[in-house]
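Residue-level listing of the chains:
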Amino acid sequence: MKNIYGFTREMLEEYFIEKNEKKFKALQVFEWLYIHKENLENWTNIKKEIREQIKKDFSFTMPKIVKCERDTLTRKYLFELEDANHIEAVIMYHDYGISICVSSQVGCNMGCAFCESGRLKKVRNLETYEMVSQILLIEEDIKERISSVVIMGIGEPLDNYENVMHFIKIINDAKALAIGIRHITLSTSGIVPKIKKLMQENIQINLAISLHAPNDTLRSKLMKVNEVYNISQLIDAIKEYIAHTNRRVTIEYVMLKGINDSEENACELASLLRGMNIYVNLIPYNETNHIEFKKSEKQVISKFCETLKSKGINVTIRKEFGSKISAACGQLRSKEVEK
Ligand code: SAH
Ligand code: SF4
């Protein structure tokens, strides 16, 4: 049985058309699910027989929140899925609203050397409803609306392409969660053919690319994916994406002490990115217990940032949120798995 929270409005329309019903029923269902948040029995503008049919055809279950760690400006949630796997989501309070970082897979197969989610390998893709539920359940818990979404939790979203696209459609739908398309960011380690496919969707989401190194030798040491799609293929794909979508792309660069944080690395990065409509987001590394990488010193990050600026690159340093509550990608789940 398919979970109803995994259906886009178009998919529900198809369902109703197949049942010889008017397709606007899909809109009504969306309003009940996402706006009124009522149980099926109370869907008063939908006939009893149709409600019975819906009950037979769909499941309405959701994962469970099993843990929540709080800090002043962050909360991190651990979810238990129906097959007892665990995933996590983090929310952050900003002056402009609340953002959420959602997971897209249980574990990750990309195997980046510095990442906790990659250390534990992929178990499976998340279903669309399991991604939508992360937002619904947290909004219910905090009794507030989430205004922006980053797909930067556990997993490689472009390795779960279809479910992630359906997720984006549902949360962006004005009759569902109504999260503005420009308030949705997808982060990828750089699966080149999928970036090109995403470009063809013609949606105005923000794309963030995990680059993390300015040359192939170094990037291949940090990210296995570089052996399949190297930097020049990746940069070409990003250029194509920018030209096609007319959107600025974010380049993520995690600052690893003594690995990719030298003056020389900064210069090489600047020349690699020169002239592109991008901005660089320098990410202070969140240290984990199992992986020996260390975070770069604050002064080193500032200097790296200044070097990029002086070479005309737009750059910001990511505000550090929740390192106390193991908020880095995959850390809470990894504690749970190890138990
Ligand atoms: N798989 C996607 C999205 C999830 S990871 C990707 O790799 O882009 C989201 C971001 O967090 C990536 O840029 C990743 O490199 C970074 N990251 C992973 N582990 C981290 C850690 N311990 N500290 C800081 N950033 C980390
Ligand atoms: Fe996967 Fe992203 Fe972690 Fe790499 S950084 S292992 S792609 S989750």
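Residues numbered from 1 in each chain as written. Chains lettered and ligands numbered in written order. Predicted model: local features only at pLDDT ≥ 70, side-chain atom pairs only at ≥ 80, totals over all residues. Heavy atoms only, no water.

So, the site of ligand 2
Move 1: Around ligand 2, the structure places Cys108, Met110, Gly111, Cys112, Cys115, Gly118, Gly155, Glu156 and Ser189.
Move 2: For the shell around ligand 2, a count of residues per class yields 4 nonpolar, 4 polar and 1 charged. (Near = heavy atom within 4 Å. Nonpolar A, V, L, I, M, F, W, Y, C, P; charged D, E, K, R; others polar.)

Details of the site of ligand 1
Move 1: Taken together, 18 residues sit near ligand 1, with Gly155, Ser187, Ser210, His212 and Asn286 positioned nearest.
Move 2: In the complex, 93% of the free accessible area of ligand 1, which totals 530 Å², lies under the protein chains.
Move 3: Every element with two or more residues in the shell around ligand 1 is listed here: β10 (184–188) and β12 (249–255).
Move 4: When its residues are assigned to classes, the shell around ligand 1 shows 8 nonpolar, 8 polar and 2 charged. (Areas by Shrake-Rupley, 256 points an atom, 1.4 Å probe, with all protein chains shown as cover. Helix = DSSP H or I, 4+ residues; strand = E, 2+ residues; numbered from the N terminus.)

Notes on the packing of helix α5 (residues 128–142) against helix α6 (residues 161–172)
Move 1: Packing of α5 against α6 leaves a shortest axis separation of 8 Å and a crossing angle of 40°. Judged by the inter-axis angle, α5 sits oblique to α6. Crossing angle aside, the handedness with which α5 passes α6 is right-handed. Taking contact as the criterion, the partners of Thr128, Met131, Val132 and Ile135 in α5 are, on α6, Asn163, Val164, His166, Phe167, Ile170 and Ile171.
Move 2: Looking at the contact of α5 with α6 residue by residue, the class counts come to 7 nonpolar, 3 polar and no charged. (Axes fitted to C-alpha atoms, helices over the stretch in contact; angles between N-to-C directions. Parallel < 35°, antiparallel > 145°, perpendicular 65-115°, else oblique. Left-handed = near helix turned anticlockwise from the far one by under 90°. Contact = heavy atoms within 4.5 Å.)

Observations regarding the environment of lysine 64
Move 1: You can see lysine 64 is positioned in strand β3 (residues 64–70).
Move 2: A relative accessible area of 53% means that lysine 64 is categorised as exposed.
Move 3: When the C-alpha atoms of lysine 64 and glutamine 134 are compared, they prove to be 9.3 Å apart, with 70 residues separating the residues in sequence.
Move 4: Excluding anything up to four places from it in sequence, lysine 64 contacts Leu78, Phe79 and Glu80. (Buried < 20%, exposed > 50% of the residue type's maximum accessible area, 1.4 Å probe, protein only.)

Brief notes about the packing of aromatic side chains
Move 1: A full pass over the atoms with the stated rule returns 9 aromatic pairs.
Move 2: Look at tyrosine 15 and phenylalanine 58: their rings are 4.8 Å apart centre to centre, the planes differ by 65°, and that puts the pair in the edge-to-face class. Separated by 43 residues along the polypeptide, tyrosine 15 in helix α1 (residues 9–18) and phenylalanine 58 in strand β2 (residues 58–59) bring together distant segments of the chain.
Move 3: Residue class for tyrosine 15 comes out buried when judged on its relative accessible area of 12%.
Move 4: Residue phenylalanine 58 is classed as buried on the basis of its relative accessible area of 4%.
Move 5: An aromatic cluster is built from Phe7, Tyr15, Phe16 and Phe58, whose rings are joined through pairwise contacts.
Move 6: Against the face of tyrosine 161 rests lysine 197, its NZ or CZ located 4.4 Å from the ring centre. (Phe/Tyr/Trp six-rings, centres within 6.5 Å; stacked < 30°, edge-to-face > 60°. Lys NZ or Arg CZ within 6 Å of the ring centre and 35° of its normal.)

With respect to the environment of glutamate 263
Move 1: Following the sequence through the fold, glutamate 263 ends up in helix α10 (residues 263–273).
Move 2: Sequence separation of glutamate 263 and valine 300 is 37 residues, and the distance between their C-alpha atoms is 8.9 Å.
Move 3: Here the side chain of glutamate 263 touches threonine 307 through a polar contact of 3.0 Å, side chain to side chain. (Polar contact = N/O pair within 3.5 Å; in protein donor to acceptor, adjacent residues only side chain to side chain.)

Section: the domain arrangement of the protein chain
Move 1: By the assigned domains, the protein chain splits into domain 1 (2–59) and domain 2 (64–338).
Move 2: Using C-alpha coordinates to define each centre, domain 1 is positioned 33 Å away from domain 2.
Move 3: Taken residue by residue, the interface counts 14 residues in domain 1 and 12 residues in domain 2.
Move 4: Summed over both sides, the interface of domain 1 with domain 2 buries roughly 1200 Å², with 68% coming from carbon and sulfur.
Move 5: Among the residues domain 1 hides against domain 2, the three largest losses belong to Tyr5, Thr8 and Tyr34. Together they make up 36% of the total.
Move 6: Aspartate 173 is the salt-bridge partner of arginine 9, the closest N and O atoms lying 2.9 Å from each other.
Move 7: In this assembly, domain 1 and domain 2 are joined by 2 residue pairs in polar contact (both at pLDDT 80 or more).
Move 8: Here the element with the most residues in the side of domain 1 that touches domain 2 is helix α2 (residues 25–36); it accounts for 5 residues. (Domains from an automatic or database assignment. Buried area = accessible area lost by both parts, 1.4 Å probe. Salt bridge = Lys/Arg side-chain N within 4 Å of Asp/Glu carboxyl O.)

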